[in-house]
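# Analysis of the macromolecular model
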Amino acid sequence: MIIAKFGGTSVSTAERLHTIVSIVKKTRGNGVVLVVSAIRGVTDLLLSFPDASITQRKKILLQIEQLHQNLADEYWQDTEMPDIQVYLAYCLREIDTAV
């Protein structure tokens, strides 16, 4: 079994995501477990969320959404993007209502 964990800078650009996909494809069939954590900048935004005002929280959620949307746009620039926008909006609503 191979456990591969990526996060932060290693998942912050389309080029780096393509590298991760390549690594995972090469190890396919070897019981690969892929763990992906927050992209660069998101952890700090999430840590600032509980102490932020309602106005600041809305700005933080917009920043998180924009970081992910930019990465998705860059990654799928010439192909049909899956319904990631719907899923991203769902996740951000979950964060917003949970706090």
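Here, the structure is the one placed above.
Within each chain, residues carry numbers counting from 1 in the order of the written sequence. Where totals are concerned, whole chains, interfaces and linings use all residues; where local detail is concerned, this predicted model gives features only for residues with pLDDT of at least 70, and gives and counts side-chain atom pairs only at 80 or more. As a rule here, side-chain values cover all heavy atoms of the structure and leave hydrogens and water aside.

### Examining the overall build of the chain
Along the chain, the regular secondary structure elements total four helices and two strands. Runs of E in the DSSP output that reach at least two residues are strands. Runs of H or I that reach at least four are helices, and both are numbered from the N terminus. Starting at the N terminus and walking to the C terminus, you meet the elements of the chain as β-α-β-α-α-α. Throughout, exposure labels follow a simple rule: accessible area from a 1.4 Å probe, protein chains only, divided by the maximum for the residue type, with under 20% read as buried, over 50% as exposed, and the rest as partly exposed. Here the chain holds 99 residues, and 23% of them are scored as buried. Any pair of residues with heavy atoms lying within 4.5 Å of one another is described as a contacting pair. Sequence-distant contacts in the chain: of pairs separated by 6 or more residues, those separated by 24 or more amount to 66%. Note on charges: Lys and Arg go in the positive column, Asp and Glu in the negative column, and His and the chain ends are not counted at all. Charged groups are reduced to one reference atom each: NZ for lysine, CZ for arginine, CG for aspartic acid, CD for glutamic acid. Measuring between centres, the 10 positive side-chain charges of the chain sit 6 Å from its 11 negative side-chain charges.

### Here we look at the pairing of strand E2 (residues 32-39)
A pair of strands counts as paired when DSSP detects no fewer than two bridges linking them. Here strand E1 (residues 2-8) pairs with E2 via six bridges, running parallel. Across the sheet, residue Lys-5 finds its bridge partner in E2, namely Val-35. Throughout, right-handed denotes a crossover for which the path from the first strand over the helix to the second runs clockwise when the strands point away from the viewer. The handedness of the E1 to E2 crossover, carried by helix H1 (residues 14-26), is right-handed.

### Some details on the environment of Glu-15
Tracing the chain through its elements places Glu-15 in helix H1. For Glu-15, a relative accessible area of 62% corresponds to the exposed category. For the pair Glu-15 and Gln-66, spaced 51 residues apart in sequence, the C-alpha separation works out to 18 Å.

### Overview of helix H3 (residues 54-75)
Multiplying 1.5 Å by the residue count of a helix minus one yields the expected span of that helix. A rise of 1.5 Å per residue sets the reference length of H3, with its 22 residues, at 32 Å; its end C-alpha atoms lie 32 Å apart and thus fit the reference within 8%. Among all positions in H3, only Arg-57, Ile-60, Leu-61, Ile-64, Gln-69, Leu-71, Ala-72 and Tyr-75 are buried. When H3 is viewed along its axis, its buried side chains cluster within an angular range of 165° and face the same direction. Of the exposed residues in H3, those oriented more than 90 degrees away from the buried face are Thr-55, Lys-59 and Leu-62. The reported arc concerns the directions from the helix axis to the C-beta atoms and nothing else.

### A few points about the environment of Asn-70
Position of Asn-70 relative to the elements: it lies in helix H3. Looking at Asn-70, the relative accessible area reads 41%, which means it is partly exposed. Distance in space between the C-alpha atoms of Asn-70 and Ser-12 is 9.8 Å, their sequence separation being 58 residues.

### Some thoughts on the side chain of Gln-69
On the secondary structure map, Gln-69 appears in helix H3. Residue classification places Gln-69 among the buried residues on the basis of a relative accessible area of 14%. A distance of 2.8 Å separates a polar atom in the side chain of Gln-69 from a polar atom in the side chain of Asp-73. Counted as a polar contact is a pair of N or O atoms within 3.5 Å, where, for protein atoms, one must be capable of donating a hydrogen and the other of accepting one, and residues adjacent in sequence contribute only when both atoms are in side chains.

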